[in-house]
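# Descriptive analysis of the structure
The residues making up each chain are set out below.
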Amino acid sequence: MTSAEYRCDGGDLAVTNNMKSDFDKHGYIMVRNFLGSKELLQIKKALEDHDTITSKGFGVSDREGRECKMSLWCHPGNDVTGMLARCEKMVTTCEMLLGGEVYHYHTKLMMKNAETGGCHLWHQDYGYWYKNGCLFPDMLTAFIAIDRCNKENGCLEILRGSHKCGRIEHLMVAGQTGADMDRVNGIRDSGQCPLEMVEMEPGDTLFFHCNLLHTSGPNNSPNRRWAFLTAYNKATNDPVIVHHHPQYTPLHKVPNSAILDCTNFTDMTGKDFMDPKNDKTIVSMDEKDDSPQAKKKRSSEGS
Ligand SMILES: O=C(O)CCC(=O)C(=O)O
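The following paragraphs examine the structure supplied in this document. (Residues numbered from 1 in each chain as written. Predicted model: local features only at pLDDT ≥ 70, side-chain atom pairs only at ≥ 80, totals over all residues. Heavy atoms only, no water.)

### Details of the overall build of the protein
The condition is simple: By definition, any uninterrupted DSSP run of H or I lasting at least four residues is a helix, any uninterrupted run of E lasting at least two residues is a strand, and each is numbered from the N terminus. Within these notes, the globule rule equals 2.2 Å times the number of residues to the 0.38 power, and the radius of gyration is based on C-alpha atoms. Exposure is judged per residue with a 1.4 Å probe applied to protein chains only, and the accessible area is read against the type maximum: over 50% gives exposed, under 20% gives buried, and values in between give partly exposed. Contacts were defined at the residue level, with two residues in contact if any of their heavy atoms lie within 4.5 Å. Computed by Shrake-Rupley with a 1.4 Å probe, the accessible areas treat only the displayed protein chains as cover when residues are assessed.
The number of helices and strands found in the protein is eight helices and 14 strands. Computed over its C-alpha atoms, the radius of gyration of the protein comes to 18 Å, within 12% of the 19 Å expected for a compact globule of 303 residues. Referenced to the eigenvectors of the C-alpha coordinate spread, the extents of the protein come out at roughly 50 × 45 × 45 Å. Burial status across the protein gives 58% buried among its 303 residues. Within the protein, residue pairs in contact and separated by at least 24 positions form 83% of the contacts whose partners lie at least 6 positions apart. Total accessible area computed for the protein in this model is approximately 12,300 Å², and 49% of it derives from carbon and sulfur atoms.

See below:
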C-alpha cells in the first residue's frame, strides 16, 4: 500500500488532520504498529490462552461452503479486549475520523484458520448496517491484525476511494450478505478505485469507512489469519431500529496503558455475545439450510 500510511511508536498515537484528510479521500488509513509487541501479546493471551471468546464462535459459509468463523460481541466490557476497544488511541482516532463522539457498535474476532478459512464476499459494512436502521454512513471499522495477513492467507482487499460511490445494493449469498457484483465490477473496471491488497504485520491496524468496498480471499496457506475488528458508530447516528447491535451507549475511554495494566482475561461480564440466530444479515453454518429460520432469512433478503 502506498498511501495513507502512518506509524505508532511507543504505545501512544498522535492523531493528525492529515489522517482525517486521507480517510476522507481514500476511505481508510493504515496505522502500522498500532499495537506494540507487548500490547499484542496481552491481546493474544486473552484470545489464545483462554477459550472464553473463541468458544462463542460460529461459522458463516462462503460460496464454496468454506467456513469463516467469528465471535462477535456488542459491548466492550472490562477485560483486556475491552481495554483495546476503549483505549484512548483507538477511540480518539475514530472520533477524529468520523468528526465527533463515537460509541462501540461491536467487536468481532475473525478466525480464518489455516487451510480451511473461507473468503468474505465483496461488501460494504454499511450494506449490513443500513438494514439495522443506521441512517447515516457515519461508521467505521478498525481491522487489527493479530496474525500476519498476506495474499497467501487471505488478507483484506479494498477498492481505494470506493466509499465515495455511496451505498451499493447488497443481497444474501450463501451465509453472507454481499454487494451487487455488477456494480463492484463497474467500480473496479473504471480504474478510479484501484484494488489494494492490504498486507499487514501483527499489530498493524486499518481504520476504514463503512462504505469502503472490501473482500478477502480463502486461506489455503498453512498459516492462521486471525483479525480483531472493532466497529464504531457516531453518537449522533443512533439507529432507528432496535436490533442485535447496540443503540447509542456512552463509551468510557481508558488510557492506552490500560491494555497492559489490565489483569482480567476471563470475566466477560456485559459483553453480550451475539447469537447468530438474531442477525438477519447472516446465516450461520449451524442453522441448517432447511431450517425455518434460514429459509425465512433468505426469503426476507430476496434470495
Ligand atoms: O476478516 C476479513 O477478511 C473481512 C471481515 C469483514 O469484512 C467483515 O467482517 O465485515
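We are not done yet, so read on.
### Quick notes on the nonpolar core
Heads up, the condition is: By nonpolar core is meant a set of buried Ala, Val, Leu, Ile, Met, Phe, Trp, Tyr and Cys residues that side-chain atoms within 4.5 Å join together.
Core analysis: the largest hydrophobic core is formed by 66 residues, its most contacted members being Ile29, Leu84, Met90, Phe143, Leu206 and Phe207. With sequence-adjacent residues up to four places away left out, Leu84 is seen in contact with Phe34, Leu35, Ile43, Met90, Ile144, Phe228 and Ile259. Of all hydrophobic cores here, the second largest spans nine residues; its members include Tyr103, Met139, Cys210 and Ala231.

### Quick notes on the sheet that holds strand E7 (residues 139-145)
This is how the line gets drawn: Here, strands pair whenever DSSP counts at least two bridges between them. Lines fitted to C-alpha atoms define the axes here, with helix axes fitted over just the stretch in contact, and angles between the N-to-C directions of these axes take values from 0 to 180 degrees.
Taken in spatial order, the eight strands of this open sheet run E1-E2-E12-E7-E14-E5-E4-E3, and their pairing is mixed. With partners counted over all chains shown, the strands left at the sheet margins are strand E1 (5-7) and strand E3 (58-61), one partner each. Averaged over all neighbouring strand pairs, the angle between strand axes comes to 25°, with direction disregarded. Strand direction decides the pairing type here: strand E5 (residues 102-112) and strand E14 (residues 225-234), joined by ten bridges, are antiparallel. The partner of Thr107 across the bridge, within E14, is Thr230. Against the sheet, helix H1 (residues 17-26) engages E1, strand E2 (28-32), E7 and strand E12 (205-209), with an angle of about 130° to E2. Sheet contacts for helix H4 (residues 88-98): E2, E5, E7, E12 and E14; angle to E7, the most-contacted strand, approximately 140°.

### Looking at the pattern of salt bridges
This is how it is decided: One side-chain nitrogen of Lys or Arg within 4 Å of one carboxyl oxygen of Asp or Glu is enough to make a salt bridge.
Applying the stated rule across the entire model yields twelve salt bridges. Ionic pairing is found between Asp24 and Lys20, a salt bridge with its closest N-O pair at 3.3 Å. Here Lys20 and Asp24 lie together in helix H1, a separation of four residues that amounts to about one turn. Under the relative-accessibility criterion, Asp24 is labelled partly exposed at 37%. In this structure, Asp79 engages Lys271 in a salt bridge whose closest nitrogen and oxygen atoms are separated by 2.6 Å.

### Things to note about the pairing of strand E4 (residues 67-73)
Side chains on a regular strand alternate between the two faces of the sheet. Across the seven residues of E4, five count as buried, placing the element largely inside the fold. Sheet topology note: the E3/E4 ladder contains four bridges and is antiparallel. Bridge pairing links Ser61 to Glu67 in E4. Between E3 and E4, which pair antiparallel one after the other, the connecting turn spans five residues, and Gly65 there sits at a positive phi close to 80°. Where E4 meets E5, five bridges bridge the pair, whose relative direction is antiparallel. The partner of Met70 across the bridge, within E5, is Met110.

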